[in-house]
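These are the residues of each chain, in order.
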Amino acid sequence: MSHDPNCVFCKIIAGQIPSRKAYEDDDLLAFHDINPWAPVHVLIVPKQHVAGLSDLAPAHEQWLGKMLLLAPQLMRDNGVNNGFRTVINTGQDGGQEVYHLHMHVFGGPRPWVKG
Ligand code: AMP
Ligand code: ZN
């Protein structure tokens, strides 16, 4: 499984940086965002280092669908029952700050800090 030693999310996956875990399996990790925009703000990441949506290959299809399936499950697990928002930022103009593919999942009562 590819791992980038300079990548903050690879370090979280390796347990070298602490995180508040929300879910883990062989392919995916989900953890709470360190700077939440909403009462519940979780990031879903593949364990394999892929920089972003523009860097996907056909072999990644196997866990991509799991990322979307996990979003509603995580929201239910965290008591979100009135809808949620999903966001994937890609590249500079897409506002991506961490170059390890991740899906934001936001939920909980409004108002939210952003969005
Ligand atoms: P993006 O702009 O989509 O690349 O978002 C990156 C997100 O990662 C931001 O919402 C950050 O707050 C979050 N983030 C960065 N470092 C950490 C960390 N160590 N633990 C949890 N979330 C983080
Ligand atoms: Zn990484």
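As the structure is a prediction and not an experimental result, all values here were calculated from the model.

A. Just the site of ligand 1, in detail. Close to ligand 1 lie 15 residues, the nearest being Asp-33, Glu-97, Val-98, His-102 and His-104. At 3.1 Å from a nitrogen atom of ligand 1 is found a main-chain nitrogen or oxygen belonging to Ile-34. Gly-95 is positioned such that a nitrogen or oxygen atom in its backbone is 3.0 Å from an oxygen atom of ligand 1. Compared with its free state, where it exposes 510 Å², ligand 1 has 86% of that area covered by protein. Only α1 (8-13) and β2 (28-32) provide two or more residues apiece to the shell around ligand 1. Considering only residue class, the shell around ligand 1 consists of six nonpolar, seven polar and two charged.

B. Highlighting the nonpolar core. Formed by 16 residues in total, the largest nonpolar core has its most connected members in Ile-44, Met-67, Leu-74 and Met-75. Mapped onto this core, the elements with two or more residues apiece are β2, β3 (40-46), α2 (61-77) and β5 (103-107). In contact with Leu-74, other than residues within four places in its own chain, are Ala-22, Tyr-23, Ala-30, Val-42 and Ile-44. Formed by eight residues, the second largest nonpolar core is a distinct cluster that contains Phe-9, Ile-12, Leu-29 and Phe-31.

C. Expanded view of the pairing of β3. Along β3, seven of the seven residues are buried, which leaves the element largely enclosed by surrounding structure. The two faces of β3 match: Val-40, Val-42, Ile-44 and Pro-46 on one face and His-41, Leu-43 and Val-45 on the other face are all buried. Bridge count for β2 against β3 is five bridges, and the pairing is antiparallel. Paired with Leu-29 across the strands is Val-45, a residue of β3. In this sheet, β5 lies alongside β3 in antiparallel orientation, the contact comprising five bridges. Its bridge partner lying in β5, Val-42 is registered against Val-105.

D. Summary view of the side chain of Asp-33. Among the structural elements, Asp-33 can be located in the loop between β2 and β3. Buried and unpaired, Asp-33 has no salt bridge, with Lys-114 as the nearest side chain of opposite charge at 9.0 Å. A distance of 2.8 Å separates the side chain of Asp-33 from the backbone nitrogen of Asn-35, its partner in a polar contact. Those residues in contact with Asp-33, other than ones at most four positions away along the chain, are His-41, Val-42, Leu-43 and His-104.

E. Here's a closer look at the coordination of the zinc ion (ligand 2). Each protein donor to the zinc ion (ligand 2) is listed here as Cys-7 (SG), Cys-10 (SG), His-49 (ND1) and His-100 (ND1); together their distances run 2.0 to 2.3 Å. Considering all four donor atoms around the zinc ion (ligand 2), angles at the metal cover 105 to 116 degrees and the coordination shape is tetrahedral. Within one chain, the residues donating to the zinc ion (ligand 2) are spaced in sequence as C-x2-C-x38-H-x50-H. Of this pair, Cys-7 sits in the segment before α1 while His-49 sits in the loop between β3 and α2, and the two are 42 residues apart along the sequence. The same class applies to Cys-7 as to His-49, namely buried.

Reading the values: the criteria
Residues numbered from 1 in each chain as written. Chains lettered and ligands numbered in written order. Predicted model: local features only at pLDDT ≥ 70, side-chain atom pairs only at ≥ 80, totals over all residues. Heavy atoms only, no water. Near = heavy atom within 4 Å. Polar contact = N/O pair within 3.5 Å; in protein donor to acceptor, adjacent residues only side chain to side chain. Areas by Shrake-Rupley, 256 points an atom, 1.4 Å probe, with all protein chains shown as cover. Helix = DSSP H or I, 4+ residues; strand = E, 2+ residues; numbered from the N terminus. Nonpolar A, V, L, I, M, F, W, Y, C, P; charged D, E, K, R; others polar. Core = buried A, V, L, I, M, F, W, Y, C linked by side-chain atoms within 4.5 Å. Buried < 20%, exposed > 50% of the residue type's maximum accessible area, 1.4 Å probe, protein only. Contact = heavy atoms within 4.5 Å. Pairing = 2+ DSSP bridges. Lys, Arg positive; Asp, Glu negative; His and termini not counted. Salt bridge = Lys/Arg side-chain N within 4 Å of Asp/Glu carboxyl O. Donors = N, O, S within 2.8 Å, 3.2 Å for Na, K, Ca; no water. Tetrahedral: all angles 85-135°; square planar, octahedral: opposite > 155°, others 65-115°.

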